[in-house]
Protein chains: 2
Amino acid sequence: MAKEEKHEVEEELEEVDSTDTNSTETEEIDIPEISEVEELTTKFNEMEDKFLRARAEIANMSNRNKNEREQLVRYRSQDLGKKLLPAIDNLERALATEVTDDQGASLKKGVEMVLESLNVALKEEGIIEIKADGEAFDPNLHQAVQTIPADDDHKADTIVNVLQKGYQLHDRVLRPAMVIVAQ
Amino acid sequence: MAKEEKHEVEEELEEVDSTDTNSTETEEIDIPEISEVEELTTKFNEMEDKFLRARAEIANMSNRNKNEREQLVRYRSQDLGKKLLPAIDNLERALATEVTDDQGASLKKGVEMVLESLNVALKEEGIIEIKADGEAFDPNLHQAVQTIPADDDHKADTIVNVLQKGYQLHDRVLRPAMVIVAQ
């Protein structure tokens, strides 16, 4: 039991010590202790503010990145799609060639199938031909390269003929349609 | 001036009030005030920890999103590119057709140009033909559809013939080359 008694004595001593310290502090440096609480409160509030702003930034980043990813995926085929357009023009031009023998007809059939498969591939990526023939002229979609006088068959501001097909990827114009417009 | 005097009186009253409150606190609830500092310190440390973790998360998100964007851009033409491969196969097959007249030759010339422009477009997006003919067989790039016995001209595990071209987008195989291998 001697050990426990010694322990109790130590605790009493400690209590006295701490009371002494406290009374010294409260008597002599009362203001600094108050300001320590104030200082800590200010520091805490500042840190909480920094944390809340960081959390808001995380939410913003998350939304921003989601949108960026969606845009990247939505328009991912823009560059390759654009580069394929001259190939499609050339295939269509090749199909306009008159053929006279079986080999020519077979070649033409092959080209038709390729053209069809290219158009399907583009459509699956969201790339479609811009409607033009007979449509109202829209400077966002069509480029007027020639005009003819409007008459009963051709109302003013409608497209009379398409010289080169235009294409759009979803809402983005890859290439406007080159058209002749009645005026 | 009556207003200012009143204000001063109010300030004095406040000072007396706050002094009273403090003396009450220090005398009666000395321990709670010490623990208020401890509590605030703990709260501050916890908040600082949350802030630091949020800041680390921001850095991680930023890196992760940068990588994701780079990957999306790097492999953006994977799907459209893959869909174009059968069209290229068909154009190459069409070019194998023998032609006998000028129209056929003109059509063939057109197809050659289209094929060339398609290959250029694919190459610009990082899609290239997988080397196969005469190369060592690599199961990551080549698919063996047939084997022939190795001899002096055809060493074992080398590719003897390519039945269908393979394509890769950077390091990703879009389609392995279909090959005949010597064994």
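For the structure itself, consult the block above.
Here's a quick rundown of the structure. (Residues numbered from 1 in each chain as written. Chains lettered and ligands numbered in written order. Predicted model: local features only at pLDDT ≥ 70, side-chain atom pairs only at ≥ 80, totals over all residues. Heavy atoms only, no water.)

## Quick notes on the relation of the copies chain A and chain B
Part 1 of the argument: Rotating chain A by 180 degrees about the axis while translating it 0.1 Å along that axis superimposes it on chain B, leaving an RMSD of 0.1 Å. A rotation of that kind, with that shift, is consistent with a two-fold axis.
Part 2 of the argument: The fraction of interface residues of chain A whose copies in chain B are also interface residues reaches 100%, indicating that both copies meet through the same surface. (Least-squares fit on C-alpha atoms with pLDDT ≥ 70 in both. Contact = heavy atoms within 4.5 Å.)

## Concerning the side chain of B:Asn65
Part 1 of the argument: With respect to the element layout, B:Asn65 can be found in helix α2 (residues 30-74).
Part 2 of the argument: In this structure B:Asn65 touches A:Asn65 and A:Arg69, once residues within four positions along its chain are discounted. (Helix = DSSP H or I, 4+ residues; strand = E, 2+ residues; numbered from the N terminus.)

## With respect to helix α3 (residues 78-95) of chain B
All names here are of chain B.
Part 1 of the argument: For α3, spanning 18 residues, the distance from its first C-alpha to its last is 26 Å, which sits close to the expected 26 Å at 1.5 Å a residue.
Part 2 of the argument: Of all the bends in α3, the greatest reaches close to 25 degrees and is centred on Leu85; the proline Pro86 follows between one and four positions later.
Part 3 of the argument: Within the sequence span of α3, burial applies to Gln78, Leu80, Gly81, Leu84, Leu85, Ala87, Ile88, Asp89, Leu91, Ala94 and Leu95. (Expected span 1.5 Å × (residues − 1). Bend = angle between axes of the 7 residues up to and from the residue. Buried < 20%, exposed > 50% of the residue type's maximum accessible area, 1.4 Å probe, protein only.)

## A short note on the packing of helix α4 (residues 102-124) of chain A against helix α4 (residues 102-124) of chain B
Part 1 of the argument: Here α4(A) crosses α4(B) at 25 degrees, and the two axes come no closer than 9 Å. Between α4(A) and α4(B), the interaxial angle falls into the category roughly parallel. Note on packing geometry: the crossing formed by α4(A) with α4(B) is left-handed. Residues A:Gly104, A:Leu107, A:Lys108 and A:Val111 of α4(A) lie in contact with α4(B), whose contacting residues are B:Gly104, B:Leu107, B:Lys108 and B:Val111.
Part 2 of the argument: For the contact of α4(A) with α4(B), the residue count by class is four nonpolar, two polar and two charged. (Axes fitted to C-alpha atoms, helices over the stretch in contact; angles between N-to-C directions. Parallel < 35°, antiparallel > 145°, perpendicular 65-115°, else oblique. Left-handed = near helix turned anticlockwise from the far one by under 90°. Nonpolar A, V, L, I, M, F, W, Y, C, P; charged D, E, K, R; others polar.)

## Observations concerning the nonpolar core
Part 1 of the argument: Ranked by internal contacts, the top residues of the largest apolar core, which has 36 residues, are A:Leu84, A:Leu91, B:Leu84 and B:Leu91.
Part 2 of the argument: Beyond its immediate chain neighbours, meaning those up to four positions away, B:Leu91 contacts A:Leu91, A:Val114, B:Val111, B:Val114, B:Leu115 and B:Leu118.
Part 3 of the argument: A:Met47, A:Ala54, B:Met47 and B:Ile58 belong to the second-largest nonpolar core, a separate cluster that totals 12 residues. (Core = buried A, V, L, I, M, F, W, Y, C linked by side-chain atoms within 4.5 Å.)

## Looking at the sheet that holds strand β2 (residues 142-148) of chain B
Residues and elements named next belong to chain B.
Part 1 of the argument: Taking strand neighbours across the sheet as the criterion, the three strands line up as β2-β6-β3 in an open arrangement whose pairing is mixed. Looking at the sheet topology across the chains shown, the edges are occupied by β2 and β3 (159-164). The mean angle between the axes of side-by-side strands here comes to 30 degrees, regardless of whether they run parallel or antiparallel.
Part 2 of the argument: Taken together, the four bridges between β3 and strand β6 (residues 177-182) define a ladder with antiparallel strand orientation. Following the sheet pairing, Asn161 is matched in β6 by Ile180. (Pairing = 2+ DSSP bridges.)

## Details of the layout of surface pockets
All names here are of chain A.
Part 1 of the argument: By volume, the largest pocket is sized at about 190 Å³.
Part 2 of the argument: Lining of the largest pocket is provided by 13 residues; of these, Glu92, Val162, Leu163, Gln164 and Lys165 occupy positions nearest its centre.
Part 3 of the argument: Secondary-structure elements contributing two or more residues to the lining of the largest pocket are α3 (78-95) and β3 (159-164).
Part 4 of the argument: Its residues placed into classes, the lining of the largest pocket shows five nonpolar, two polar and six charged. (1 Å grid on protein atoms, 1.4 Å probe; cavity = no way out; pocket = protein on both sides within 12 Å on 5 of 7 lines; lining within 4 Å. Points joined across faces, edges and corners; volume = space filled by probe spheres on them.)

## Description of unusual backbone geometry
All names here are of chain A.
Part 1 of the argument: With a phi angle near 50 degrees, His170 is a residue other than glycine that sits in the positive phi range.
Part 2 of the argument: Along the chain, the position of His170 falls in the loop between β4 (167-169) and β5 (172-175).
Part 3 of the argument: Take His170: its relative accessible area is 28%, and that puts it in the partly exposed class.

## A few points about α4(A)
Part 1 of the argument: The end-to-end C-alpha distance of α4(A) is 33 Å, a good match for the 33 Å that 23 residues give at a rise of 1.5 Å each.
Part 2 of the argument: For α4(A), the set of buried residues is A:Gly104, A:Leu107, A:Lys108, A:Gly110, A:Val111, A:Val114, A:Leu115, A:Leu118, A:Ala121 and A:Leu122.
Part 3 of the argument: Looking at the buried residues of α4(A), the elements they touch are α3 and β1 (127-129) of chain A together with α3 and α4 of chain B.
Part 4 of the argument: The residue sitting at the N-terminus of α4(A) and contributing the capping side-chain oxygen is A:Asp101; that oxygen lies 2.9 Å from the backbone nitrogen of A:Gly104. (Polar contact = N/O pair within 3.5 Å; in protein donor to acceptor, adjacent residues only side chain to side chain.)

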